[in-house]
Amino acid sequence: MKIKNNVSLSKMNSLRINATAEQFAIVERPEHILQLISSKITQTTPYHILGDGCNILFVSDYLNCLIIKNNLKTKMNIKDCGDHFNIIASSGFEFDDLLQHFLKYQQNNDLRIYGMENLAKIPSQVGSAVVQNIGAYGVEQSDFFSQCKAIDMNTGIERIFTASDCQFKYRSSLFKCIDNQYFITEVCYSIPKGNSANISYPELNRKFTIGKEPTPSDIYSAVAGIRQSKLPDIKKLANAGSFFKNPIISIEQFSKLLLEYPNIPNYQADERIKIPAAFLIDNCGLKGKKIGDVGLFENHSLILVNHGNATGKDVLLFANEIIHTVKNKFGIILEPEVILI
């Protein structure tokens, strides 16, 4: 493993921000992590662990740090454990590769094991999915998370984290809060055999015939189709997926909103209410707004796009204007879902 200097990251982030890393290293095996730690560079130099770059914003053009690119792809196993299946994967695989691998396994063995197919086509590595606790269409990865292995970047000691250890919350986890202290190397998901299809999400439910249970592959294809119709292809239009979290507010605050917006979409979130951030942005008249090369995607207001040569600062200024506008109108503060570097 080599540490390189002054490496362009423009092709390693889906917003295509033209940032440069002062130092850069690629991890392809767990021992590469230990080499970095033993070299003391992680103790003397600020560093950031980079997945596939689909949920980050490089704010600065030049990053005075070490970027550690996760390319761990040594294991992808499926194990029949009686009443459930375990899927064990190295953290550098694309999460969607894991889903497709399990769907193909089911098809080859004439099985119907429902679970994570609702998470189809979310751009994320397996390790990043844990950090961010990705979710969509009524499912979060934490619903099936069993454990993960991670190396402490301070000591080089490997630790196993259970679901409770990870402190999963909406689009968050322990790993997101402690900021790169651990390098996740391997993740295990446990999928019960007795699950039924989860098509309760209205937009997904409308895709299927009443009384006929779809297969996991049917659900995967339906979710993939919905996402394709609503979200821009990152290969064609630079974006970082959903830029903001959907805010979760108190029932009292929601009751006040209902007086003015009786048709406001909402979802129960424990004892609080989740409101689609896109609804708030649209009702501020911001849909399709553009400043320079930064804009909101015309089909979905949660997506900030780079139409050309926007800098990280351009994107952040644009995002802050949206936050300010929504706060002034609704009294709700939007939080970025993307990680700012």
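Located above this text is the structure these notes cover.
Remember, predicted model here, so these are calculated numbers, not experimental data.

A.B. asks: Help me out: how do you make sense of the overall build of the protein in this one?
C.D. replies: Looking only at helices and strands, one finds eleven helices and 20 strands in the protein. Taking 341 residues into account, the globule formula puts the C-alpha radius of gyration at 20 Å, and the protein, at 21 Å, falls close to it. The C-alpha extent of the protein, read off along each of the three principal axes, is 60 × 55 × 35 Å. By the burial criterion, 50% of the 341 residues in the protein qualify as buried. If you take every contact in the protein between residues at least 6 apart in sequence, the share linking residues at least 24 apart comes to 65%. Of the roughly 16,200 Å² that the protein leaves accessible, carbon and sulfur atoms contribute 47%. Counting 36 positive and 34 negative side-chain charges, the protein places the averaged centre of each group 3 Å from the other.

A.B. asks: Mind showing me how you'd approach the sheet that holds strand E15 (residues 267-269) here?
C.D. replies: Backbone-to-backbone hydrogen bonds pair the strands of a sheet. The strands run either parallel or antiparallel. With antiparallel pairing, three strands are arranged side by side in an open sheet as E14-E16-E15. Among the strands making up the open sheet, the edge pair consists of strand E14 (248-249) and E15. Two elements, E14 and strand E16 (residues 272-274), share two bridges in a ladder whose sense is antiparallel. Along E16, the bridge assignment pairs Ile-248 with Lys-274.

A.B. asks: For this particular structure, what's the right way to read the side chain of Gln-23?
C.D. replies: When you line up the elements, Gln-23 lands in strand E2 (residues 20-27). The buried category is assigned to Gln-23, whose relative accessible area is 18%. Beyond its immediate sequence surroundings of up to four residues, Gln-23 is in contact with Ile-3, Lys-4, Asn-5, Ile-41, Thr-45, Cys-65, Leu-66 and Ile-67.

A.B. asks: Explain the sheet that holds strand E12 (residues 182-192) to me, please; I cannot follow it from the model alone.
C.D. replies: In spatial order, the strands read E6-E7-E12-E10-E11; together these five strands make up an open sheet with antiparallel pairing. Strands with a single pairing partner mark the edges of an open sheet, and in this sheet they are strand E6 (76-80) and strand E11 (158-162). Looking at each pair of strands side by side, their axes are set apart by 20° on average, direction ignored. In this sheet, E12 lies alongside strand E7 (residues 84-90) in antiparallel orientation, the contact comprising seven bridges. For Phe-85, the partnering residue across the bridge sits in E12 and is Ile-191. In this fold helix H1 (residues 30-38) packs onto strand E10 (145-152) and E12, with an angle of close to 35° to the strand it touches most, E10. Running over the sheet, helix H3 (residues 95-108) touches E6, E7 and E12 and is turned about 40° from E6.

The rules behind the values
- Residues numbered from 1 in each chain as written.
- Predicted model: local features only at pLDDT ≥ 70, side-chain atom pairs only at ≥ 80, totals over all residues.
- Heavy atoms only, no water.
- Helix = DSSP H or I, 4+ residues; strand = E, 2+ residues; numbered from the N terminus.
- Rg over C-alpha atoms; globule rule 2.2 N^0.38 Å.
- Buried < 20%, exposed > 50% of the residue type's maximum accessible area, 1.4 Å probe, protein only.
- Contact = heavy atoms within 4.5 Å.
- Areas by Shrake-Rupley, 256 points an atom, 1.4 Å probe, with all protein chains shown as cover.
- Lys, Arg positive; Asp, Glu negative; His and termini not counted.
- Charge placed at Lys NZ, Arg CZ, Asp CG, Glu CD.
- Pairing = 2+ DSSP bridges.
- Axes fitted to C-alpha atoms, helices over the stretch in contact; angles between N-to-C directions.

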